[in-house]
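For reference, the chains in residue letters:
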Amino acid sequence: MSEQRTPTARKSARPRWIAAGGVVVVLALVVVALLVHGGGSPTPGPTERNDDVALPADYPFSAESVWRQDISDAPVADNSAAQVAEIAEQVESRHDGVAAFNVNRFQVSFYTVGPDQPRVDVDWDDCQKKGYTPKGLLGEDGQFTDVPIPDDAVPAAGTDGQLTIYSPETDQLWEFWKAEKTDSGTWQACWGGRMDDVSRSPGYFDGGFGSSGTGLGLAGGMVWVDDARSGTIDHALSLQLTAARHWKTFSWPAQRSDGNDRDEDAVQEGTRLRLDPDVDVDQLGLTPLAAMIARAAQKYGFIVTDRAGSVAITAESGQELAQDNPWPALMGDAKSYEVMAGFPWEDLQALPRNYGKPSRSASPSAGG
């Protein structure tokens, strides 16, 4: 099974998104009013977190973010069965019925940097032919300005070229789509964004920025190397689907969508899904990694973040792969395309639309 995804595109007079590989991104046309810089000045140092779980050392989001919420007792949507049947069919229709575990391509390339890392401006590559520079992207305090990218950073393999940079000292996180270091030594990207006050954030980018189709931070929902080493995943997981509800309708915490399915029971991007807590994971015969994912899905769930070429879960690369790739040993006898074999997708439960959305939160930007 290949992790390769088929890029898709769509024309519309409204804001639109272009899907490329595992991370489906960003506005081909952006309503200027939405592209307002989403953060203020950097806040030195993250807030202290009293998390009592075994998170990866550099996990950026707190227990108050959407990635850390316990949903094991949450209610179930009225049309949960129809949504789950659609997801199970998507899995069954591709790659011998096994969802992808994106560890070699279309993964999340993640780097933690220290306070002395030199900062550079990232050039904007208008690969979507917008024809204008979106407000807040470049210039003073722009999303692409003063980014502490390591010289040896390597974007994720595949057409997405995803790259995440995390600075604990300034409590900032950047995510880029189609990031590339040019022959002249400068960095460029087609889209992305900066998240300030990461440790206080809900876990998504503001103002139409970010590299996922929903604006959710990809680092929050990847399977970290430290997760696999510890044997437990104490956060929600990103889930990519092959089809999702039309982009005019989506569910919080998604801030936007790139879906194109008009069926009323199509899964909305941003939907939270839980593996039935009554399922006995030990009796499923899953790989160790899939069993970890299943237990996390019972407590924290999946969040639908993107539309892609296959139903997929993403893994961490980047800094952890710089010297020696740990994933072959962590996957044991399984290949990446075998990791999720036997996962009980039919036992998922869809939570109600906008589950967990704070009453004070503004409505999502496009019909949410």
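Everything quoted here is computed from the prediction, not taken from an experiment.

1. Notes on the overall build of the protein chain
Okay, so step 1: What the protein chain contains, in helices and strands, is five helices and 16 strands.
Okay, so step 2: Across the 368 residues in the protein chain, those meeting the buried criterion constitute 57%.
Okay, so step 3: Of the contacts formed within the protein chain by residues at least 6 apart in sequence, a portion of 74% connects residues at least 24 apart.
Okay, so step 4: For the protein chain, the exposed area adds up to about 14,500 Å²; of that, 45% sits on carbon and sulfur atoms.

2. Points about the sheet that holds strand β4 (residues 108–112)
Okay, so step 1: With mixed pairing, five strands are arranged side by side in an open sheet as β10-β7-β6-β4-β15. Looking at strand neighbours, the two that pair on one side only are β10 (191–196) and β15 (316–318), the edges of this open sheet. Taken over all neighbouring pairs, the strand axes of this sheet differ in orientation by 25° on average, direction set aside.
Okay, so step 2: By the bridge criterion, six bridges tie strand β7 (residues 172–177) to β10 in an arrangement that is antiparallel. The residue bridging Q172 from the neighbouring strand is D196, located in β10.

3. Some words on helix α1 (residues 80–92)
Okay, so step 1: Between its terminal C-alpha atoms α1 stretches 18 Å, which fits the 18 Å expected from 13 residues at 1.5 Å a residue.
Okay, so step 2: Tucked inside the fold, the buried residues of α1 contact β11 (237–241), β12 (272–275) and β16 (348–350).

4. Concerning helix α4 (residues 288–299)
Okay, so step 1: In a regular helix each residue adds 1.5 Å, so 12 residues correspond to 16 Å; α4 covers 17 Å between its end C-alpha atoms and thus fits that length.
Okay, so step 2: With nine of its 12 residues buried, α4 lies for the most part within the structure.

Criteria and cut-off values
Throughout this document, residue positions are counted from 1 along each chain, in the order its sequence is written. Selection of residues for local features in this predicted model requires a pLDDT of at least 70, selection of side-chain atom pairs for listing and counting requires 80 or more, and totals for whole chains, interfaces and linings are taken over all residues. Values reported for side chains reflect all heavy atoms of the structure, with hydrogen atoms and water molecules removed beforehand. Per the convention used, a helix needs a DSSP run of H or I reaching at least four residues, while a strand needs a run of E reaching at least two, with both numbered from the N terminus. Type-normalised accessible area, obtained with a 1.4 Å probe on protein chains alone, sets the label of each residue: buried when under 20%, exposed when over 50%, and partly exposed for intermediate values. By definition in these notes, contact holds between two residues if any of their heavy atoms fall within 4.5 Å. For accessible areas, the Shrake-Rupley method is used with a probe of radius 1.4 Å. Any residue's cover is judged against the shown protein chains and nothing else. In this description, strands pair whenever DSSP reports at least two bridges between them. Lines fitted to C-alpha atoms define the axes, with helix axes restricted to the stretch in contact, and inter-axis angles between N-to-C directions lie between 0 and 180 degrees. The length a helix should cover is 1.5 Å for every residue beyond the first.

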